[in-house]
Amino acid sequence: MTQTRPSEAPGSGQPALKQVMGPGLLLLFIIGDILGTGVYALTGEVAGEVGGAAWLPFAVAFVVALITACSYLELVTKYPQAAGAALYVHKAFQVHVLTFLVCFAVMCSGITSASAASRAFAANLVTGFGLDAGNGVVLLIAVGFMLLVLAVNLRGVSEGVKVNVVLTVVELSGLLLVILFSLYFMAGGQADFSRVVAFESSADKSVFLAVSTATSLAFFAMVGFEDSVNMAEETKDPVRIFPRMMFTGLGITGLIYVLVSICAVAVVPVGRLSASETPLVEVVRTAAPDFPITNLLPFISMFAVGNSALINMLMASRLLYGMSKQGVLPHFLSRVHPARRTPWTSILFTTALAIGLIALLSMNPDSPVVALLGGTTSLLLLAVFAFVNVSVLVLRKDKVAVRHFQAGRALPVVGAITCLYLVLPWSSGRPAGQYEIAGVLLAIGVALWVVTWLVRRRRGEESRAQSDS
């Protein structure tokens, strides 16, 4: 009997992905993915919804993320393969179109986030160096940056996660600066802690709806933990280290978010905080007026959004690779480079989509659609999370020989209900534009699924005709 070599994926004839991520790299991957650009911009908007109690939506978003993370942990330790949510839904329901749409929704969220991050990277670079550049130059810089991400991704996951380590440290330093300068300001007795417990909402919203709306915003800052499960095949002993690193990463980021939001409202009045496009810059400028934050922050933001782009492109390419192995997507997307052992066709495909999206967004960078992309990403992922929580319960009947994490029975049910609550328009308080964008994206996904199904059906008919002849 022929024995599969360790460097080959079983049953595929393709090389296996290279296992390079240990506990430390996995932890930094999770932290770096969650600590993206969201908290740098969302703190003021969250405060605008609930007033000084801006820490509450971040805490609620953390709890929702933690509950759903338990479902992800049960599934990733039970099925330590790439593809994440799409794989789990496929195993649970065996409905091709549903699997395809989940895969497409997660992929779109990653590519959209990476594309927006690339554009933000270019804008911050222009601002940081004080360049007098037009929209065309910013577009070229954004595309050039995406090609750099492509090169790192093609080079190998080892190089990608090492770059992630550096970028994570830099973006984390920006948030620590906010906390440290705020503590210095508080030590001088100048902070107003009464604002931290002052709840304010608009007249047309109840307290509960205001918290729900703010949590929907804050949850965008918590997404990212789910990307790590797409790296399962490149992680050493994922069954053992995933639970510990996932909980540690979520705990660290949740604590940082709550501290940043408390510091922000204690240092800066809520009205000024919510009106600022750069709320954390406003916090440091108030707490330490002599610190050159306006010169430093664009570069910190460059690293933060650059890290988001890199991680999201790593995730999107591995997702396509994993689903191609499952036969849900075309076979060519599962090809692995024999030397670098990276899914090179999936990497090229996702990068081409990202560059196309960057070009489209750059035609009208002031469009309100751009402002709604973050909320749309959160909307799509929360819908996916609801399916993942249900999939855990469905797959309990599928017994495996290895020991794995157990999420229990109550947590997946609570996770599905809370995710759906933050998705539905009458409970989440989301603007209609987010649902319109999500609807268009899903319609594109359905069209692509129909094309894929027709191609496979035609090939099947041709194969049967040849066998009959």
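A few points on the structure. (Residues numbered from 1 in each chain as written. Predicted model: local features only at pLDDT ≥ 70, side-chain atom pairs only at ≥ 80, totals over all residues. Heavy atoms only, no water.)

What follows covers the overall build of the protein. Counting secondary structure elements, the protein contains 17 helices and zero strands. Within the span of the protein, comprising 469 residues, buried residues form 53% of the whole. Long-range contacts, defined here as pairs at least 24 residues apart, represent 80% of the contacts in the protein between residues at least 6 apart. For the protein, the accessible surface area stands at approximately 19600 Å², while carbon and sulfur atoms represent 66% of it. (Helix = DSSP H or I, 4+ residues; strand = E, 2+ residues; numbered from the N terminus. Buried < 20%, exposed > 50% of the residue type's maximum accessible area, 1.4 Å probe, protein only. Contact = heavy atoms within 4.5 Å. Areas by Shrake-Rupley, 256 points an atom, 1.4 Å probe, with all protein chains shown as cover.)

Per the stated rule, a full pass over the model turns up 11 aromatic pairs. Ring centres of Tyr 72 and Tyr 88 lie 6.3 Å apart, and the angle between their planes is 75°; on these two criteria the pair is classed as edge-to-face. One end of the pair, Tyr 72, is in helix 3 (residues 55-78); the other, Tyr 88, is in helix 4 (residues 84-93), with 16 residues separating them in the sequence. Classification of Tyr 88 as buried rests on a relative accessible area of 0%. Centre to centre, the rings of Tyr 72 and Phe 385 are 5.7 Å apart; their planes meet at 85°, and the pair counts as edge-to-face. Here Tyr 72, found in helix 3, pairs with Phe 385, found in helix 14 (residues 368-394); they are 313 residues apart in sequence, far enough to count as distant. In this pair, the class of Tyr 72 matches that of Phe 385, namely buried. (Phe/Tyr/Trp six-rings, centres within 6.5 Å; stacked < 30°, edge-to-face > 60°.)

Once that is clear, we can look at unusual backbone geometry. The phi angle at Gln 94 is positive, at roughly 55°, despite the residue not being glycine. Checked against the element boundaries, Gln 94 lands in the loop between helix 4 and helix 5 (96-128). Exposure remark for Gln 94: the relative accessible area of 55% places this residue in the exposed category.

A few words now on the nonpolar core. The biggest cluster of nonpolar side chains holds 129 residues, and the ones touching the most others in it are Tyr 72 and Phe 225. Among the elements that take part in this core, helix 5 stands out by supplying 16 residues, more than any other. For Tyr 72, the residues in contact, after removing those within four places along its chain, are Ala 85, Tyr 88, Phe 225, Glu 226, Val 229, Val 384, Phe 385 and Val 388. (Core = buried A, V, L, I, M, F, W, Y, C linked by side-chain atoms within 4.5 Å.)

Let us now look at a nonpolar patch on the surface. The grouping of Val 446, Val 450, Trp 453 and Leu 454 at the surface amounts to a nonpolar patch, some 320 Å² of accessible area in total. Within the element layout of this structure, Trp 453 appears in helix 17 (residues 432-468). (Patch = residues over 30% accessible without salt bridge, like charges linked within 9 Å, V, L, I, M, F, W, Y side chains within 5 Å. Salt bridge = Lys/Arg side-chain N within 4 Å of Asp/Glu carboxyl O.)

Following both chains from N to C, one finds helix 5 and helix 17 inclined at 130°, their axes separated by 9 Å at the closest point. By the angle between their directions, the pair helix 5 and helix 17 is classed as oblique. Where helix 5 crosses over helix 17, the handedness of that crossing is right-handed. Facing helix 5, whose interface residues are His 96, Val 97, Phe 100, Leu 101, Phe 104 and Cys 108, helix 17 presents Leu 441, Leu 442, Ile 444, Gly 445, Val 446, Leu 448, Trp 449 and Thr 452. A per-class count over the contact of helix 5 with helix 17 returns 11 nonpolar, three polar and no charged. (Axes fitted to C-alpha atoms, helices over the stretch in contact; angles between N-to-C directions. Parallel < 35°, antiparallel > 145°, perpendicular 65-115°, else oblique. Left-handed = near helix turned anticlockwise from the far one by under 90°. Nonpolar A, V, L, I, M, F, W, Y, C, P; charged D, E, K, R; others polar.)

The subject of this paragraph is the pattern of salt bridges. Under the criterion given, the structure shown has five salt bridges. With a shortest N-O distance of 2.7 Å, Arg 272 and Glu 282 are connected by a salt bridge. On the criterion of sequence distance, the pair formed by Arg 272 in helix 10 (residues 270-275) and Glu 282 in helix 11 (residues 279-287) is long-range, its members being 10 residues apart. A relative accessible area of 38% places Arg 272 in the partly exposed class. For Glu 282, a relative accessible area of 12% gives the class buried. In this structure, Arg 285 engages Glu 282 in a salt bridge whose closest nitrogen and oxygen atoms are separated by 3.3 Å.

The α-helix winds at 3.6 residues per turn, so residues separated by three or four positions along the chain end up facing the same way. Taking 1.5 Å as the rise per residue, helix 15 (residues 410-421) with 12 residues should run 16 Å; its terminal C-alpha atoms sit 17 Å apart, in good agreement. If you check which residues of helix 15 are buried, you get Pro 412, Gly 415, Ala 416 and Cys 419. Axial view of helix 15: buried residues confined to an arc of 95°, hence all on one face. Away from its buried face by more than 90 degrees, helix 15 exposes Ala 410 and Ile 417. (Expected span 1.5 Å × (residues − 1). Arc of directions from axis to C-beta.)

To continue, consider helix 8 (residues 207-222). Its 16 residues place the ends of helix 8 22 Å apart at the C-alpha level, agreeing with the 22 Å of an ideal helix rising 1.5 Å per residue. By the largest-angle criterion, Ser 216 marks the main kink of helix 8, which is about 25°. The set of residues buried in helix 8 consists of Ala 210, Val 211, Ser 212, Thr 213, Ala 214, Thr 215, Ser 216, Ala 218, Phe 219, Ala 221 and Met 222. Phi turns positive, to about 130°, at Gly 224, one or two residues after helix 8. (Bend = angle between axes of the 7 residues up to and from the residue.)

Along the chain, Ala 53 turns up in the loop between helix 2 (38-50) and helix 3. Taking the C-alpha atoms as reference points, Ala 53 and Arg 195, separated by 142 residues in sequence, lie 7.5 Å from one another. Residues in contact with Ala 53, not counting those within four places in the same chain, are Arg 195, Val 196, Ala 198 and Phe 199.

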